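If you want the building blocks of each chain, they are given just below.
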Amino acid sequence: MGRSPSPGRSNNYYKRRRSRSRDRDKDRYKVRKTSPGSSTSNRIEEDFSFTYYKRELNKIILSSNESNTVVNNLDDFWVFLKKYEATLKKAGKPIIDYDPEENSDESSQNFSKFHCINFTSSIKFVDTACYDRDRKKLDKKLFQAFMNIVSIYTDFKNKEKFEKLRKLRQAQKDLPVAKYRNEIVSAVQNERVVVVAGDTGCGKSTQVPQYLHEAGFQSIACTQPRRIACVSLSKRVAYEMLTQFESKVGYQIRFEKSKTADTKICFITEGLLLRQMSSENLPNYDVIILDEVHERHLMGDFLLGILKCLIHSRNDIKLVLMSATINIKLFEDYFSAESAVVIQVPGRLFPIQLHYKPILVEDKPTRDDRLDPQPYVQVMQLIDNKYPRDERGDLLIFMSGVQEITAIAEAAQQYAEKDKKWIVLPLHSGLSLAEQDKVFDYPPDGVRKCIVSTNIAETSVTIDGIRFVVDSGKVKEMSYDSTSKMQRLKEFWISKASADQRKGRAGRTGPGVCYRIYSEQQYNDMESFSTPEVSRVPLASLLLLMSSLGVSDVRRFPFLDAPPDDAVENALLELKQHGALTSNEKLTALGRTLANLPVEVCLAKTLVLGAATLPPHKLDSALALAAALGIRSIYTTRAHRDFECENARRPDESDHGDPLTLLSLYCAWLREKRDTRGGRAWCRRRGIEEQRLYELTKLAAQLRNLLQDNNLMEAPEPASMSSSERALRHGQMKQLKDARRQFKQKAANDLKRKKRLKVDSWEIVDENTNADDDVIDIRDVEFRMTNDAARIQSLIAGSSASSGRDLVMLKVVLCRALYPQVAVADNFNHHKSISEQLYHTWSKPFVYLHPTSYFGKLPRTLQLTEADIHSDLPVSLGFDSKLPVSSKHQILCYLSLLETTKPYIVNSMRMPAAQTLLLLAHSIETNIGFTRIVCDSWLLLEFPYPESGLNLLLKAVKLRRRWDALINRRIADATPTKSVESELEKEKLPKISYDETQHDLSCDMSTYMNSEVYYTIKRLLPGDLKVIYAGYDEAHPSIEPNPFDETFVCRPHEKKGGVYVTDNVVYNCVVDTLWSAKNYEETYSEPWKCSNCELTVCLSPVERLQHTHFTCSAKEEKKDVEAPRSSREIKPNAKEYVCDVCKVTLYLTPVEILKHKKGCKMK
Amino acid sequence: MEASTPNEEPVQIIYDFKCTSCGIDEKTHYKGTNPPFSRNIVLKYPSYVMKDPFSPPGKGEILVLGSDCTICGQTVCINKECSLFYKKNYCLDCAKNLIETFPVEIKNKLVQIKKK
Ligand SMILES: [Zn+2]
Ligand SMILES: [Zn+2]
């Protein structure tokens, strides 16, 4: 939808009034000529004015206890009255004009203007008993004369409002869609699916919902791809339906709704409607309108498929698709089985002249690939030469991206400097709203606007008054490679449909001209339609949603355009890796929880893991972190170019990487907010867009609500305030509200005045940013209204995680949510310059660190120093690898991969390598001696010291199990189960408080993450992988009892050999090398002495574990004290067992059997 | 967004208003001279009144759309191309028929409208 002018009064209404009173003067003049006797008491004081009685009159008016037009607009009324009196005076008319004599003669020849007015006021006269000898007394009669003016005012206001209504109705009637009203209504009444095709500006988005509502439909949902459109459309439609103060028309977007039980028309985002589609949630819609379906957004496409299925089971729902006149046949064919009816609404398009390659540009390949702005400037010149200055009409240039826009805008500005005939305005979504709004302002006479825009002006933003369009033919679009999990921002040729859309922008207000910088041949070579989103975005969130909505086989879903097969497969794999789907693609409890959170899968997982792992008072750090990663970059374009900005930010940067730097900057900003009354200057100094930090705060609060709604977080107890605190806060709120009112007043006044652009408005950016310090910072005001001092303080306390266990836990939570998005350094990085630092990720080798990222600027922080390398390894170990042995290896965990000029890692955080990998890898494989460990068939860790790898792995396995249990418990507690038994089951479980479990886990996790272990790390290449596994023939015998997990029953790995000892650790499938075999020989052929008991015997590593875990007497005694056997229940893997010694039949697990045997023998 | 106001009146009577001259078509809440939602305002001639759709509710603001012609009974809006108000409400046709009975100021006004 386009931007519609605000519903506010746009005309200058005092100007209009003046001309009206002039009319009245004329009349009055005539009156005097024809009936000079009609004015009687004009002898009274020449300079009489009712304003002398303003105080008394106000008192009477206000004492009437009833509000009315005058009371509501008292100031306005007195302005009116002054002008009215002035007009009378000028015409020589008396100010005090009493009521005409009421006479019975209906068509009396005695004219009185009061007879022309339908209104009278019943405000009663009250004697104010205020007597002033210099003045006439305010008596009842005088008051009556005053009331006549009140009536004139009321009548005037009524006419004004009526005129507003009439104009509104006229405008609606003039919309192209209005002619098709009956056709549309009867089609929807009689058919299942109706397609309304019409271009922007035909009025379909605002009118069709109203037509259907007036035709009797009671519950209409209308989807929009953009949130902002939901809000603005619902406001506009409510206004047109004269229900702006009711909730008949509402909206519903992520985190926000204005919908109530009264709502008949609801504008809703595609994503949210989708979430309502699970049968128990679907409100009782009788019509579902899908607007802008031609934009082919992911959610829109999916919604079409869901609805196509839905209307077969729900006969009571009608479906209306609204689209631009692009590719209508696609939708018609898609719904051919449902016999869709198409209604085409022709737009209001004026003829457009089309010129290909208006300027002869030599097609020589440019040397440095840089954009040549000359053709664009020359078109401006051409316009200047060909079209007289007094003919209005602005220019819209379509460029592919921000860089290109900047280049063209600079060149255009240079050209404009010459004779100031142009105002150059860039337009892209990275600009602040205020900057974007400038394109709607008016240039001075004789000056044209030159708007340089991305494809945002193609459909989403509609600017009036465009006469000339220049089309570069290019667009920068994000595409996604699901195999390497990398997004690419690349420049493409646009489609024919886009080119036509761009051209059409020139003919909306009058005949226009379109210059295509490219050739006609190029146009003919273009694709017909742009690539739908489903083929170029990550699909994981969508597939998870599909799965949670009960789509049984996502591969066979009837998409309008099926996504590429490998994209689906890779997304499914990703969901399995996240634990959202089981290996046979069933939704897990975690998956269901993730699907309920309407944010990206990674962020949803951060939230869920955070909610389970972090203590409540630290949960804010996870919320803030997820929010920080969920919003757009907080940095301005200056942030990474300006040395001053970088310096100013430095103290708050975290050497752990970008996510923690974001968090740290956010906390620093919050502290600034707490300590001073600003923030704006602070942000400017650091090259930070303050708006983003407000967004971050808002998003974090929304995420917090979301967690509470999903029972993943306890709703906070209302903070108790002392009465003095309450009074203080009350005073603050009052001040803030005043400030907000002032701001709104000023904004409204600004709106009334037509905004004129200055010719040098290109410079305005700086002027604005510096000059605004003294005016009210409305965002700061609103921030303080929702966040009181205590709240800011608790945000700071909750969000800061600068050191210690909190930091470790936060990092581990984020890393687990992002895993397997980790990267290892290339072996040769230390020979290379900063910009050449290479990394390898699980999904894509050879990527670079983004130059604006923390490590991109300081890659040395990731490299091992001489001191870090453990060079004096005992020769006796026989370790022969050339790779550096160290306990300080680090890997990067990252948010995403993005390819622009090079493939880059974006938003990365450093983690200790082995600890992280052993804790989080989806598959871990070891050799017999636990000295060679392969993680995710990708990285090989080699531990030269015997048992060091085993010990680390064992710790990791146990921590992971405890952590999983905590997460599962959190999810189980959050999910109300339906059966009584399972509720009872929950009751039975021991209730150790979350706090305690979380605390214990964080202590152990922190120790684990900091444990000192020496190892090498190596990336395995496909060749390595071929020879590293033993193969199935070498299957290891089952390990019983299993020291890794006593409840886990071991099974062999089908391909690689070895045996599963947990669901992700395979023992003894990795082949040994010379050194590791020798190492094993030497270590395990020696008799081993248990450190707890007296046992000394030759045992394999697993046997040693079994001894210490299950049979060592010291351990046994300790364990018995901890868990008395009487309370034990029969475990699932328990078997019937008859003891040879005591002859008792027992139900025991293998472990318990061992224990029993030992106990029996001891007797 | 404003919160919804609970409907105080159990049954809201709606008066359909449609100007026979210009066709403007709205639903109004009252017909008469004493609109109950703005007790300070009294009309001289029974009219179709709606609560002012452009002001927040409960402010007593009203919008008078028009009335039935006192002669022929046709509904006409307050637009000066549709009706004339002089003590009573006249549709423009009836007003023109009665032009001689009006004071000269009104006659002039009518002549001017006729010209348009
Ligand atoms: Zn009318
Ligand atoms: Zn009539």
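Residues numbered from 1 in each chain as written. Chains lettered and ligands numbered in written order. Predicted model: local features only at pLDDT ≥ 70, side-chain atom pairs only at ≥ 80, totals over all residues. Heavy atoms only, no water.

Brief notes about the overall build of chain B
For chain B, the count of helices and strands is 2 helices and 9 strands. When the elements of chain B are put in sequence order from the N terminus, they spell out β-β-β-β-β-β-β-β-β-α-α. The buried share of chain B, taken over its 116 residues, is 47%. Restricting the contact set of chain B to residue pairs at least 6 apart, pairs at least 24 apart contribute 25%. Total accessible area on chain B is roughly 6000 Å²; 50% of this is exposed by carbon and sulfur atoms. (Helix = DSSP H or I, 4+ residues; strand = E, 2+ residues; numbered from the N terminus. Buried < 20%, exposed > 50% of the residue type's maximum accessible area, 1.4 Å probe, protein only. Contact = heavy atoms within 4.5 Å. Areas by Shrake-Rupley, 256 points an atom, 1.4 Å probe, with all protein chains shown as cover.)

Let's talk about the confidence of the model for chain A
Of all residues in chain A, 84% have pLDDT values of 70 or greater, and the mean over the chain is 83. This stretch, residues 1-44 of chain A, has a pLDDT under 50; its non-local contacts, to residues over four places away or in other chains, come to 63 contacts. (pLDDT = per-residue confidence, 0-100.)

Some points on the UniProt feature "domain: Cysteine-rich DPF motif" (unreviewed entry) in chain B
Under the feature "domain: Cysteine-rich DPF motif" (unreviewed entry), the UniProt entry names residues 17-110 of chain B. Structurally, residues 17-110 of chain B is divided into 14% helix and 37% strand, and its ends, taken at the C-alpha atoms, are 24 Å apart. (UniProt positions renumbered as here; feature names shortened; annotations may be inferred.)

A few points about the coordination of the zinc ion (ligand 1)
Residues and elements named next belong to chain B. Protein coordination at the zinc ion (ligand 1) comes from C19 (SG), C22 (SG), C77 (SG) and C82 (SG), with a distance range of 2.2 to 2.4 Å. Spacing between the donor residues of the zinc ion (ligand 1) along their common chain follows C-x2-C-x54-C-x4-C. Taken together, the residues span a long stretch of sequence, with C22 in the loop between strand 1 (15-18) and strand 2 (25-28) and C82 in the loop between strand 7 (75-77) and strand 8 (83-86) at a distance of 60 residues. Relative accessible area serves as the criterion here: at 32%, C22 is assigned to the partly exposed category. (Donors = N, O, S within 2.8 Å, 3.2 Å for Na, K, Ca; no water.)

Observations regarding the coordination of the zinc ion (ligand 2)
All names here are of chain B. Surrounding the zinc ion (ligand 2) are the protein donor atoms C69 (SG), C72 (SG), C91 (SG) and C94 (SG), which sit 2.1 to 2.4 Å from the metal. One can describe the site at the zinc ion (ligand 2) as tetrahedral: its 4 donor atoms subtend angles covering 101 to 117° at the metal. Positions of the donor residues of the zinc ion (ligand 2), expressed as sequence spacing, correspond to C-x2-C-x18-C-x2-C. In this pair, C69 is assigned in the loop between strand 6 (62-68) and strand 7 and C94 in helix 1 (residues 92-97), connecting sequence segments 25 residues apart. (Tetrahedral: all angles 85-135°; square planar, octahedral: opposite > 155°, others 65-115°.)

Some remarks on the packing of helix 7 (residues 204-214) of chain A against helix 8 (residues 227-240) of chain A
Residues and elements named next belong to chain A. Between helix 7 and helix 8, the shortest axis-to-axis distance is 10 Å and the interhelical angle comes to 55°. Taken as axis vectors, helix 7 and helix 8 run oblique relative to one another. For the pair helix 7 and helix 8, the crossing hand works out as right-handed. Packed against helix 7, whose contacting residues are S205, T206, Q207 and Q210, the element helix 8 presents L233, R236, V237 and E240 at the interface. Grouping the amino acids of the contact of helix 7 with helix 8 by side-chain chemistry returns 2 nonpolar, 4 polar and 2 charged. (Axes fitted to C-alpha atoms, helices over the stretch in contact; angles between N-to-C directions. Parallel < 35°, antiparallel > 145°, perpendicular 65-115°, else oblique. Left-handed = near helix turned anticlockwise from the far one by under 90°. Nonpolar A, V, L, I, M, F, W, Y, C, P; charged D, E, K, R; others polar.)

Quick word on helix 6 (residues 181-190) of chain A
Residues and elements named next belong to chain A. All buried positions along helix 6 are accounted for by I184, V185, A187 and V188. Viewed end-on, helix 6 has its buried residues packed into an arc of 165°, placing them on one side of the element. Counted as exposed and oriented over 90 degrees from the buried face of helix 6: N182 and N190. (Arc of directions from axis to C-beta.)

Comments concerning the sheet that holds strand 25 (residues 939-942) of chain A
Residue and element names in this part refer to chain A. Pairing within the open sheet is mixed, and its 7 strands lie in the order 26-25-24-23-29-28-27. With one partner strand each, in any of the chains shown, strand 26 (1016-1019) and strand 27 (1051-1052) form the two edges of the open sheet. With 2 bridges joining them, strand 27 and strand 28 (residues 1059-1060) adopt antiparallel strand pairing. Bridge pairing in strand 28 places R1051 opposite Y1060. Its contacts with the sheet put helix 32 (residues 913-920) on strand 23 (924-926), strand 24 (932-935), strand 25 and strand 26, and the angle it makes with strand 25 is roughly 120°. (Pairing = 2+ DSSP bridges.)

Considerations on the interface of chain A and chain B
Residue-level contacts link 52 residues of chain A with 47 residues of chain B. Carbon and sulfur atoms make up 54% of the area that chain A and chain B hide from each other, which totals about 4300 Å². A per-residue breakdown of the area chain A buries against chain B is headed by A:N118, A:F162 and A:F245, which together make up 18% of the total. Our enumeration of links across chain A and chain B arrives at 3 salt bridges. One salt bridge connects B:E26 with A:R169, and the closest N-O pair in it is separated by 2.4 Å. Where chain A meets chain B, there are 17 residue pairs in polar contact (both at pLDDT 80 or more). When contributions to the side of chain A that touches chain B are tallied by element, the ones reaching two or more residues are helix 1 (13-34), helix 3 (69-72), strand 1 (119-121), helix 5 (140-174), helix 8 and strand 4 (249-253) of chain A. For the side of chain A that touches chain B, the leading source of residues is helix 5 of chain A, giving 10 residues. Counted by class, the side of chain A that touches chain B contains 14 nonpolar, 25 polar and 13 charged residues. (Buried area = accessible area lost by both parts, 1.4 Å probe. Salt bridge = Lys/Arg side-chain N within 4 Å of Asp/Glu carboxyl O. Polar contact = N/O pair within 3.5 Å; in protein donor to acceptor, adjacent residues only side chain to side chain.)

Describing the pairing of strand 6 (residues 265-269) of chain A
All names here are of chain A. With respect to burial, strand 6 is a largely interior element, 5 of its 5 residues being buried. Burial along strand 6 is two-sided: the residues I265, F267 and T269 and C266 and I268 are all buried. Pairing of strand 4 with strand 6, which is carried by 4 bridges, proceeds in the parallel orientation. In the strand pairing of strand 6, G250 is matched with C266.

Things to note about the pairing of strand 24 of chain A
All names here are of chain A. Of the two faces of strand 24, the one carrying R932 and V934 and the one carrying I933 and C935 are both buried. Sheet analysis places strand 23 next to strand 24, joined by 3 bridges and oriented antiparallel. Each residue of the ladder has a partner; that of I924, found in strand 24, is C935. In this antiparallel pair of consecutive strands, strand 24 and strand 25, the connection spans 3 residues, and D936 shows a positive phi of 50°.

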